Amino acid sequence: MGANVPPAYGAPSGPVVSSTPPPPGSRPNYASPPFAASPVMTQPRSSAPSGFVSNGPPAFSSGVLPGGPRFPPAGNVQQPPVGPPSTMGFAGAPPQAPSMRSLLGSPAVAQPGPPVQPAPPFSAPVQGVPPPPGSYGAPAWQMQPGQATPPLPMPGSAQPPRMFGMPPHPLPNQSMTSIPPMGQTGAPVSATSKIDPNQIPRPIPSSSAIMYETRQGNQANPPPPATSDYIVRDTGNCSPRYMRCTISQIPCTGDLLTTSGMQLALLVQPLALPHPSEEPIQVVDFGEIGPVRCSRCKAYINPFMKFIDQGRRFICNFCGFTDETPRDYHCNLGPDGRRRDADERPELCRGTVEFVATKEYMVRDPMPAVYFFLIDVSMNAIQTGATAAACSAISQVISDLPEGPRTMVGIATFDSTIHFYNLKRALQQPLMLIVPDVQDVYTPLQTDVVVQLSECRQHLELLLESIPTMFQNNRTAESAFGAAVQAAFLAIKSTGGKLLVFQSVLPSTGIGALSVREAEGRTNISAGEKEAHKLLQPVDKTLKTMAIEFAEYQVCVDVFITTQSYLDVASISVIPRTTGGQIYYYYPFSAVSDPAKLYNDLRWNVTRPQGFEAVMRVRCSQGIQVQDYHGNFCKRIPTDVDLPGIDCDKTIMVSLKHDDKLQDGSECAFQCALLYTTVYGQRRIRVTTLSLPCTNMLSNLFRSADLDTQFACFLKQGI
Ligand SMILES: [Zn+2]
């Protein structure tokens, strides 16, 4: 899992990959040594730094290799049609600068060797806008002109190694591939060599994905490294993709934890993308009675609740309370003390299940999927090509929005004023409605500016096409960002939804206007240095106050910053951070290379598995309690976090503390419950349970430390 790190496996293979059979003439020669036939291993050694050998494009290991596409459609788990962007904007953190420019401008691309372009965001070429050569849209398996690399390895032949870290020792259930010694050209090394190639550490070939069972012999299994390629079988504990603990054994006392110097925390990623080979999460419907829960602490039924008294009662593994088993849920116990139906009921044998929520879990009908796009059309945005890039990206992703009558869209543009568009079908052309007051904003004709997607698809396309020309002579440099966001919020306040903002300049007018703080720091250098950290904090509480109101009405805001100048990201980012959204940062924005990346990011944003109007709570066994939550959310009461939007890339850190002593040899459980609405309007509760052994031994703590998770937690807290 890892905080906000996009999944390690490659982009999902589309039909192009799976429908491309290998040329008949290129059957592998099975008689030759496994690596001798592999051009990828031999060719680059003399022509490219060794880094390229192991850093080959992920597409080499997907689709064409045994096992078929890496992302086959799997059961009832939402599978995204597209892959995560190669450089995902980090939630809450200043995201990575776009990497395409440096790649395109670097001689590395022209260098012979395996293609070095990032994984293709989509297998189909970008429509409409022709992608820059060698970047997005081109399948990664396609050889570049002049490239000497022969055809790809065939099924059965060796795969190029990957950069995954090597576990310090092979795990018991891990298959190790023995690599025969070979020289520069793949031929066996002569006996006179002083270096034993067998002793040289090598990356593990991707074929040896770790098969990981979460529990074995009724004991928790320590998870594989977060960066390794692993396939999980949920045998009672949740997959580490959904929840990982910084230590896989829980210290019995707070003192022991303090002595260890380590932090006790969970990283929770409730909607994480599963590996395609993993079993989908089972959906359990208890009908009108809803999921069985402890009547005292409200923990959800899970494999660690102990049924007693012939199954008539059960003991909660969180608070120890004994409950009566609901009559309809009764089942006799077998000789092992487990319920006879335990293996047939996902909630009694799986660490992660999803319950269908009853009316009790709804304060209103599940909300529709609402997408409101807000585009900067100020002079700078128009002239840098940012407006055109945003319009083109939106136009292309419209077809990727969830189908159905419940999908609604709206659009507005802004400079120093705000312009809404009436998208009702009855009108021949989109009608512009201007809101000039940027101090006290309102939304005109609320019912006409957010309409069903099926009703306005054509109008929307026409409008997006014409916006860049409509404003091409715009001389307004001012930007009323805060007012525009507030007005867009008012337009979708009654339902909630996603607000996607494209911003190019410093918000300079209206509510929430900002100033060039960076320059202020420079005019007085000594003061600037002293106060430097303040530049990382929001300038005031205006945007935070607005954002809390957005969260209350289930509006999740993502901001795409396409800029060539300073615009106080620290202040602006408060809005996505509070509403479960995300900042995307394209600086300095380039009209040549960034539009493709913007489109890719936007497409992943709307197509990745996600939910709306979510509430999350983590429960712990007696003796441990949640200290705090860290991540992009809004918190109104201490125990719950509100997430107007939640998606597969969002991770929340949960720091823990002792409030009592735990018993050596017992287990301590953690349960994350995420109540959310799917994009198709179903209300669900995703319940993830992890039960770990308690220990009094300091050495056990160090042995079971999860360094990836600990490091990710440090970063989360630093933000
Ligand atoms: Zn309980």
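Residues numbered from 1 in each chain as written. Predicted model: local features only at pLDDT ≥ 70, side-chain atom pairs only at ≥ 80, totals over all residues.

- Going by the annotation in an unreviewed UniProt entry, the name recorded for the chain is Protein transport protein Sec24-like CEF, with Castanea mollissima given as the source organism.
- UniProt annotates the chain under Sequence similarities (unreviewed entry) with the comment "Belongs to the SEC23/SEC24 family. SEC24 subfamily." (UniProt positions renumbered as here; feature names shortened; annotations may be inferred.)

Digging into the overall build of the chain
Working step 1: When helices and strands are tallied, the chain shows 19 helices and 26 strands.
Working step 2: Burial analysis of the chain (719 residues in total) assigns 48% to the buried set.
Working step 3: A fraction of 76% describes how many contacts in the chain between residues 6 or more apart in sequence connect residues 24 or more apart. (Helix = DSSP H or I, 4+ residues; strand = E, 2+ residues; numbered from the N terminus. Buried ≥ 20, exposed ≤ 12 C-beta atoms within 10 Å, placed from the backbone. Contact = placed C-beta atoms within 7 Å.)

Quick look at helix H10 (residues 453–470)
Working step 1: At histidine 459, H10 shows its largest kink, close to 35°.
Working step 2: Within the sequence span of H10, burial applies to Leu453, Cys456, His459, Leu460, Leu463, Leu464, Ile467 and Pro468.
Working step 3: Considering only its buried residues, H10 is in contact with strand E13 (369–376), helix H7 (379–383), helix H8 (386–397), strand E14 (407–414), strand E15 (418–422) and strand E17 (450–452). (Bend = angle between axes of the 7 residues up to and from the residue.)

A closer look at the sheet that holds strand E11 (residues 322–324)
Pairing between sheet strands relies on hydrogen bonds along the backbone, with the strands arranged either parallel or antiparallel.
Working step 1: Here we have three strands laid out as an open sheet, ordered E9-E10-E11, and antiparallel in their pairing. Pairing within the sheet leaves two strands with one partner each, and these edge strands are strand E9 (306–308) and E11. Along the sheet, successive strands turn relative to each other by an average axial angle of 30°, direction set aside.
Working step 2: Of the pairings in the sheet, the one linking strand E10 (residues 313–315) to E11 comprises three bridges and is antiparallel in character. Across the sheet, residue isoleucine 315 finds its bridge partner in E11, namely threonine 322. (Pairing = 2+ DSSP bridges. Axes fitted to C-alpha atoms, helices over the stretch in contact; angles between N-to-C directions.)

What about the packing of H8 against H10?
Working step 1: Relative to each other, H8 and H10 sit at 170°, their axes nearing to 8 Å. Relative to H10, H8 is oriented roughly antiparallel. Across the interface between the two elements, Thr387, Ala388, Cys391, Ile394 and Ser395 from H8 touch Glu461, Leu464, Glu465, Ile467 and Pro468 from H10.
Working step 2: Partitioning the contact of H8 with H10 into residue classes produces six nonpolar, two polar and two charged. (Parallel < 35°, antiparallel > 145°, perpendicular 65-115°, else oblique. Nonpolar A, V, L, I, M, F, W, Y, C, P; charged D, E, K, R; others polar.)

Describing the UniProt feature "domain: Zinc finger Sec23/Sec24-type" (unreviewed entry) in the chain
Working step 1: In the numbering used here, UniProt assigns the feature "domain: Zinc finger Sec23/Sec24-type" (unreviewed entry) to residues 291–329.
Working step 2: Annotation note: span residues 291–329, helix share 0%, strand share 23%, distance between end C-alpha atoms 10 Å.

Some words on helix H17 (residues 594–607)
Working step 1: Counted at 1.5 Å a residue, the expected span for H17 with its 14 residues is 20 Å, and the 20 Å between its end C-alpha atoms agrees.
Working step 2: Among the 14 residues in H17, 13 count as buried, and that is most of the element. (Expected span 1.5 Å × (residues − 1).)

Examining the packing of H8 against H17
Working step 1: Running from amino to carboxyl end, H8 crosses H17 at an angle of 40°, the nearest separation of the two axes being 9 Å. Compared by their axis directions, H8 and H17 come out oblique. As for how H8 packs across H17, the hand of that crossing is right-handed. Residue-level inspection shows Ala389, Ala390, Ser392, Ala393, Gln396 and Val397 of H8 in contact with H17, the latter providing Asp594, Pro595, Leu598, Tyr599, Leu602, Arg603 and Val606. (Left-handed = near helix turned anticlockwise from the far one by under 90°.)

Section: the sheet that holds strand E24 (residues 652–658)
Working step 1: Overall, antiparallel pairing links the four strands, which are arranged E5-E7-E24-E22 in an open sheet. The sheet is open, and its two borders are formed by strand E5 (243–245) and strand E22 (624–630), each paired with just one other strand. Strand-to-strand, the axes of this sheet are offset by a mean angle of 25°, without reference to chain direction.
Working step 2: Two elements, E22 and E24, share six bridges in a ladder whose sense is antiparallel. When the bridges of E24 are listed, aspartate 628 appears paired with serine 655.
Working step 3: This element, helix H19 (residues 707–718), spans E5, strand E7 (265–268), E22 and E24 of the sheet and lies at about 85° to E7.

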